[in-house]
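Observations on the three-dimensional arrangement
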Amino acid sequence: MLQTEVINNEQDIEELEYIDPTLDLEFEILELKKKLNAVILAHYYQENEIQDIADYVGDSLQLAQQAEGTDAGVIVFAGVHFMAETAKILNPNKLVVLPDLEAGCSLAEGCPPHLLKKFKGRYPDHVLISYINCSAGVKALSDIICTSSNAEKVVNSVPENKGIIFAPDKNLGKYLIKKTGRDMILWQGSCIVHETFSEKKIAKLALEHPNAKIIAHPECEEAVLNKADFIGSTSQLIKFVQEDNSNEFIVATEPGVIKKMSENTSGKLFIPAPPESNCSCNECPYMRLNTMEKLYLCMKNKRPEIILDKGLTEKALVPIKRMLEISK
Ligand code: 13P
Ligand code: SF4
């Protein structure tokens, strides 16, 4: 028997639950989906089996849009905490479960609401744009949310005469300053995964693959972005490799996206950009906490559940709705 740990978020008690290893998890998950009238939303960084069983696989904007439009009774979110939290803010009366509550994000963790509030207080006339990779507390303080898919549009929506604070990703912020020419005050947060790519190793790989195009997510550091032939959000990178004539790509983002890139193309080579050290730290350790076993258990037990304060939910909804409106 396989032993799996389940954390009950309401009581913070560790329970032990046994899963019969002969169980057909795929079948069980699909049965539970029918029983619960649930929708399974998964991010591109989830392991292949989870992407295969999901009703919808997308980037953070697409998943928020799916959550906004769903008529399912239960949302099963195979992604990280801030994404499931966004789905809950958009659906306060629905049950939203996340396979592992510990699936956080270094960007969200590096920007506590009380510190951002203090920071914001120094610039009372500025507009606060927050990247969706942040907590509900940070969203509640923000004027508008963005994702990497719509960040440029969101920045350009702020009147020219207004100052902007951008939080929490300094790399995306720097990239947006370059792209839009807007002078923004940046919170100094970063993604532990996208910061790990080694510019030198990418350059070496490019010499070995002279025909390969380098593509990168804007959460990467400036030195890596400067080497890139194309910069875009997860879904923009997937679209780019499908439409571009090249047959080889060095991919500077989480390698989970390579599944969709390979499915959408034929005979193209996708080379994951290497991290600085010889580890697997180009895989998001938070996203990868979710497993098929935990997905099954969270549907069976209807927990861990995302629970949010009503007042906070109402405040956080306003800047999310603004973003969704701009993205239509
Ligand atoms: P996307 O908006 O491209 O899905 O990015 C989310 C994320 O967490 C990237 O690390
Ligand atoms: Fe957060 Fe980085 Fe993981 Fe994306 S890849 S969820 S930004 S830690």
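Everything that follows concerns the structure shown earlier in this document.
Definitions and limits used
- Residues numbered from 1 in each chain as written.
- Chains lettered and ligands numbered in written order.
- Predicted model: local features only at pLDDT ≥ 70, side-chain atom pairs only at ≥ 80, totals over all residues.
- Heavy atoms only, no water.
- 1 Å grid on protein atoms, 1.4 Å probe; cavity = no way out; pocket = protein on both sides within 12 Å on 5 of 7 lines; lining within 4 Å.
- Points joined across faces, edges and corners; volume = space filled by probe spheres on them.
- Nonpolar A, V, L, I, M, F, W, Y, C, P; charged D, E, K, R; others polar.
- Pairing = 2+ DSSP bridges.
- Helix = DSSP H or I, 4+ residues; strand = E, 2+ residues; numbered from the N terminus.
- Axes fitted to C-alpha atoms, helices over the stretch in contact; angles between N-to-C directions.
- Contact = heavy atoms within 4.5 Å.
- Disulfide = S-S within 2.5 Å.
- Buried < 20%, exposed > 50% of the residue type's maximum accessible area, 1.4 Å probe, protein only.
- Right-handed = clockwise from strand over helix to strand, strands pointing away.
- Phe/Tyr/Trp six-rings, centres within 6.5 Å; stacked < 30°, edge-to-face > 60°.
- Core = buried A, V, L, I, M, F, W, Y, C linked by side-chain atoms within 4.5 Å.
- Near = heavy atom within 4 Å.
- Polar contact = N/O pair within 3.5 Å; in protein donor to acceptor, adjacent residues only side chain to side chain.
- Areas by Shrake-Rupley, 256 points an atom, 1.4 Å probe, with all protein chains shown as cover.
- Sits in = over half its atoms within 2 Å of the grid points.

Attention now goes to empty space enclosed by the protein. Applying the stated criterion to the full structure yields two cavities of 30 Å³ or more. Its volume calculated, the largest cavity comes out at about 230 Å³. Residue classes in the lining of the largest cavity are distributed as 12 nonpolar, nine polar and two charged. One number sums up the size of the second largest cavity: a volume of about 50 Å³. As for the second largest cavity, its lining consists of Ser60, Leu63, Ala64, Ala67, Phe77, Phe82, Met83, Thr86, Ala87 and Ile132. Of the residues contributing to the lining of the second largest cavity, the split by class is eight nonpolar, two polar and no charged.

Moving on to the sheet that holds strand E10 (residues 184–186). By way of backbone hydrogen bonds, the strands of a sheet pair with one another, either parallel or antiparallel. The strand order across the open sheet built from four strands is E8-E7-E9-E10, with neighbouring strands paired in parallel fashion. Both edges of this open sheet fall to strand E8 (144–146) and E10, since each of them pairs with a single strand only. Each neighbouring strand pair of the sheet contributes to a mean axis angle of 30°, computed without reference to strand direction. As judged from the three bridges shared by strand E7 (residues 127–131) and E8, these two strands associate in the parallel manner. Note that in E8 the partner of isoleucine 129 across the bridge is isoleucine 144. Seen against the sheet, helix H9 (residues 170–180) touches E7, strand E9 (164–167) and E10 and runs at an angle of roughly 165° to E10.

All told, the structure shown has one disulfide when counted by the stated rule. Two residues share a disulfide in this structure: cysteine 279 and cysteine 281, whose sulfurs sit 1.7 Å from each other. Residue cysteine 279 is classed as partly exposed on the basis of its relative accessible area, which comes to 32%. Assessed through its relative accessible area of 26%, cysteine 281 is described here as partly exposed. Its sulfur unpaired, cysteine 111 is 7.0 Å from the next cysteine sulfur, which belongs to cysteine 134.

Burial of E9 is two-sided: the residues Ile164 and Phe166 facing one way and the residues Ile165 and Ala167 facing the other way are all buried. Sheet analysis places E7 next to E9, joined by four bridges and oriented parallel. Within the sheet, the bridge partner assigned to valine 127 lies in E9 and is isoleucine 164. For the crossover that starts at E9, traverses H9 and ends in the parallel E10, the hand is right-handed.

What follows concerns the packing of aromatic side chains. Summed over all chains, the structure comprises five aromatic pairs. Ring geometry for phenylalanine 119 and tryptophan 187: centres 5.3 Å apart, planes at 85°, overall edge-to-face. Here phenylalanine 119 is found in helix H6 (residues 113–121), whereas its partner tryptophan 187 is found in the loop between E10 and helix H10 (199–208), with 68 residues between them in sequence. Assigned by exposure class, phenylalanine 119 and tryptophan 187 land together as buried. Seen in terms of ring centroids, phenylalanine 230 and phenylalanine 240 are 4.2 Å apart; in terms of plane orientation they differ by 5°. Their pairing is stacked. One end of the pair, phenylalanine 230, is in strand E12 (residues 230–231); the other, phenylalanine 240, is in helix H12 (residues 234–243), and 10 residues separate them in sequence.

This part takes up the nonpolar core. Counting residues in hydrophobic clusters, the biggest one holds 102 residues, and the most contacted among them are Val76, Ile129, Phe166, Met261 and Met299. Non-local contacts of valine 76, meaning those with residues more than four positions away in its chain, are made with Ala38, Val39, Ile40, Leu41, Val97, Leu295, Cys298 and Met299.

What follows concerns the pairing of E7. Among the five residues that make up E7, five are buried, leaving the element largely enclosed by the rest of the structure. Along E7, one buried face is formed by Val127, Ile129 and Tyr131 and the opposite face, lined by Leu128 and Ser130, is buried too. Between E7 and its parallel partner E8, the chain crosses via helix H7 (residues 136–141), and the hand of that crossover is right-handed.

Attention now moves to the site of ligand 1. Residues in contact with ligand 1, as listed here, are His43, Tyr45, Asp59, Ser60, Tyr131, Asn133, Ser148, His194, His217, Glu219, Ser233 and Thr234. In this structure, tyrosine 45 approaches ligand 1 through a side-chain N or O atom, which is 3.3 Å from an oxygen atom. Within the side chain of glutamate 219, one N or O atom sits 3.0 Å away from an oxygen atom of ligand 1. Coverage of ligand 1 by the protein amounts to 96% of the 300 Å² it exposes when considered alone. More than half of the atoms of ligand 1 fall within 2 Å of the grid points belonging to the largest cavity. Tallied by class, residues from the shell around ligand 1 come to two nonpolar, eight polar and two charged.

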